[in-house]
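If you want the building blocks of each chain, they are given just below.
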Amino acid sequence: MKKDGYNVAVVGATGAVGNMMINVLERRSFPVKNLVLLASGRSSGRKLPFRGKDYPVDELKESSFEGLDIGLFSAGGSISAKFAPFAAKAGCVVIDNTAHFRMDPEVPLVVPEVNPEHIANYKVRNIIANPNCSTIQMLVALKPIHDVAKIKRIVVSTYQSVSGTGKDAIEEMLLQSREIARGIDWSKDDGLNKLWSGLKHFRKMDTNVYPHRIAFECLPHIDVFMPNDYTKEEMKMVWETGKILDPNIKVTATTVRVPTFFGHSESVNIETEKKISAKEAKELLGKAPGIKVLDDPSKNEYPLTALAAGEDFTLVGRIREDESIDKGLNLWVVSDNILKGAALNAVQIAEILIDRYL
């Protein structure tokens, strides 16, 4: 029998995703009986609001999970690796936002709009993994098409905001942008030349977060490089697509960090077994859960990161047939990486968990 309320912990509560998890729990009226906020000792004593009250942040310990039903983890892979097993052993179902458990064959990897039935397998380890933010939005957009036309191959290029790296990356981009802007006097006739030479001058400016300047730049480098010369971020999209949607789909990815604050964008090209027209795809996606179609070229209407900010839906547009092959489509997919790409997806998993299994 479904309970009236659940004891919920948010691990990494003071971080951007942890804060968003608290916000989503409140906004979606999740039946929280008791809320426990956990973080490192540095954050102990802080208070965060939830439903009109201030809740204290406690230091994360091995004994923090007694009597808890659900733990939403977003404090880094090493923290999840250490503390998630203690939570699971205490009877607290972990929904982990890090990469640590994603490819564990005993841990379900779930996008609620794509494979909610996999949640049933949580009992093996008492842990459910949240996919990579870029994988989530891509598969939300592709699942309805795959069900009808069966996707054979995906070629995806991502344009990912600095918030995906964290607060320090946002600050670094701001500081670099200000430093460059201060060095250019547009009131002079040679302003354009100064901009050109200025960017060359700032090519080697100090960086702390990224290997190169991110302000006014695009970095085709997210996470570490693998032996095959793909980055780990790119391979996550390959591996996770196989585990979540279909292991027979061939995937190749190029992931790029771009100087935007929030929201990830993706250019997605697919080849299908069955022909599906752009018109059919638009109609299909317009009826699909978790998707909002924005696609009217005559009005310059297409997904933007500014439109995705704070939006639960994954935005899809620029839907058009690939004229280079017989059965291909191109799509432009944009989503709020902190919201749907992390916090919302985790809470949606928790909603299904309590509705069907707890």
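All of the points below concern the structure found in this document.

About the cut-offs
Per chain, the residues get numbers from 1 upward, laid out in the order the sequence is written. Local features are withheld for residues below a pLDDT of 70 in this predicted model, meaning they are given only at 70 or higher, and side-chain atom pairs are given and counted only at 80 or more; totals for whole chains, interfaces and linings count all residues. As a rule here, side-chain values come from all non-hydrogen atoms in the structure, and water together with hydrogens is ignored. We count a stretch as a helix when DSSP gives it H or I for four or more residues in a row; a strand needs E for two or more, and each element gets its number in order from the N terminus. Here the globule rule is a power law, 2.2 Å times the number of residues to the power 0.38, and the radius of gyration is based on C-alpha atoms. The cut-offs for exposure are 20% and 50% of the maximum accessible area for each residue type, with area from a 1.4 Å probe on protein chains only; residues under the lower value are buried, those over the upper are exposed, and the others partly exposed. The contact criterion used throughout is that any non-hydrogen atoms of two residues lie within 4.5 Å. All accessible areas in this document rest on Shrake-Rupley with a 1.4 Å probe, and a residue is counted as covered only by the protein chains that are shown. In summary, the charge assignment counts Lys and Arg as positive and Asp and Glu as negative, without counting His or the chain termini. For this purpose, a charge sits on NZ of Lys, CZ of Arg, CG of Asp or CD of Glu. In this analysis, a patch consists of residues with relative accessible area above 30% that form no salt bridge, clustered at 9 Å for like charges and at 5 Å for the nonpolar side chains Val, Leu, Ile, Met, Phe, Trp and Tyr. Here, a salt bridge means any side-chain nitrogen of Lys or Arg that lies within 4 Å of a carboxyl oxygen of Asp or Glu. The span you would expect from a helix comes to 1.5 Å times its residue count less one. One axis is fitted to the seven residues ending at the residue and one to the seven starting there. The bend at that residue is the angle between these axes. We treat two strands as partners when DSSP finds at least two bridges between them. As a rule, the C-alpha atoms of each element are fitted with a line to give its axis, helices using only the stretch in contact, and angles between N-to-C directions run from 0 to 180 degrees. Within this scheme a cavity is a closed region of a 1 Å grid, computed over the protein atoms alone, that accommodates a 1.4 Å probe without allowing it to escape, whereas a pocket is open but has protein on both sides within 12 Å along at least five of seven lines; lining residues each have an atom within 4 Å of a point. Grid points are joined across faces, edges and corners, and a volume is the space filled by probe spheres set on the points. Following the grouping adopted for this structure description, the nonpolar residues are Ala, Val, Leu, Ile, Met, Phe, Trp, Tyr, Cys and Pro, the charged ones are Asp, Glu, Lys and Arg, and the polar ones are all others, Gly among them.

## A short note on the overall build of the protein chain
Thinking step 1. A count of helices and strands for the protein chain gives 9 helices and 13 strands.
Thinking step 2. A compact globule built from 358 residues should have a C-alpha radius of gyration of about 21 Å, and the protein chain, at 22 Å, falls within 12% of that.
Thinking step 3. Oriented by its inertia axes, the alpha-carbon framework of the protein chain measures out at about 70 × 50 × 45 Å.
Thinking step 4. Burial statistics for the protein chain: of 358 residues in total, 50% are counted as buried.
Thinking step 5. Intrachain contacts of the protein chain at a sequence separation of at least 6 include 68% that bridge at least 24 residues.
Thinking step 6. Of the accessible surface of the protein chain, which amounts to about 17,100 Å², a share of 50% is contributed by carbon and sulfur atoms.
Thinking step 7. With 46 positive and 46 negative side-chain charges, the protein chain shows a spacing of 2 Å between the two charge centroids.

## Some details on a nonpolar patch on the surface
Thinking step 1. Residues Leu174, Phe261 and Phe262 make up a contiguous nonpolar surface patch of roughly 250 Å² in combined accessible area.
Thinking step 2. By secondary structure assignment, the location of Leu174 is in helix α4 (residues 167–182).

## A few points about helix α9 (residues 339–356)
Thinking step 1. Helix length check: α9 (18 residues) gives 24 Å between terminal C-alpha atoms against 26 Å at 1.5 Å per residue, within 8%.
Thinking step 2. Of all the bends in α9, the greatest measures close to 35° and is centred on Asn345.

## Digging into the sheet that holds strand β6 (residues 93–96)
Thinking step 1. Within the open sheet, the 7 strands sit side by side as β3-β4-β2-β1-β5-β6-β7. Their pairing is mixed. Strands with a single pairing partner mark the edges of an open sheet, and in this sheet they are β3 (47–50) and β7 (127–129). With direction set aside, neighbouring strand axes in the sheet form an average angle of 25°.
Thinking step 2. Across the sheet, α9 is in contact with β1 (6–11), β5 (70–73), β6 and β7; its angle to β5 comes to roughly 165°.

## Let's talk about the layout of surface pockets
Thinking step 1. In this structure, the largest pocket spans a volume of roughly 1,400 Å³.
Thinking step 2. Residue lining of the largest pocket: 47 residues in total, with Val17, Ser74, Gly164, Thr165 and Gly166 positioned closest to the centre.
Thinking step 3. The set of elements that each furnish at least two residues to the lining of the largest pocket consists of α1 (16–27), α2 (77–89), α4, α6 (232–244) and α9.
Thinking step 4. In terms of residue class, the lining of the largest pocket is built from 19 nonpolar, 19 polar and 9 charged.
Thinking step 5. In this structure, the second largest pocket spans a volume of roughly 190 Å³.
Thinking step 6. Along the walls of the second largest pocket sit Asp168, Glu171, Glu172, Leu175, Gln176, Glu179, Met205, Asp206, Asn208 and Val209, which together make up its complete lining.
Thinking step 7. Tallied by class, the residues present in the lining of the second largest pocket amount to 3 nonpolar, 2 polar and 5 charged.

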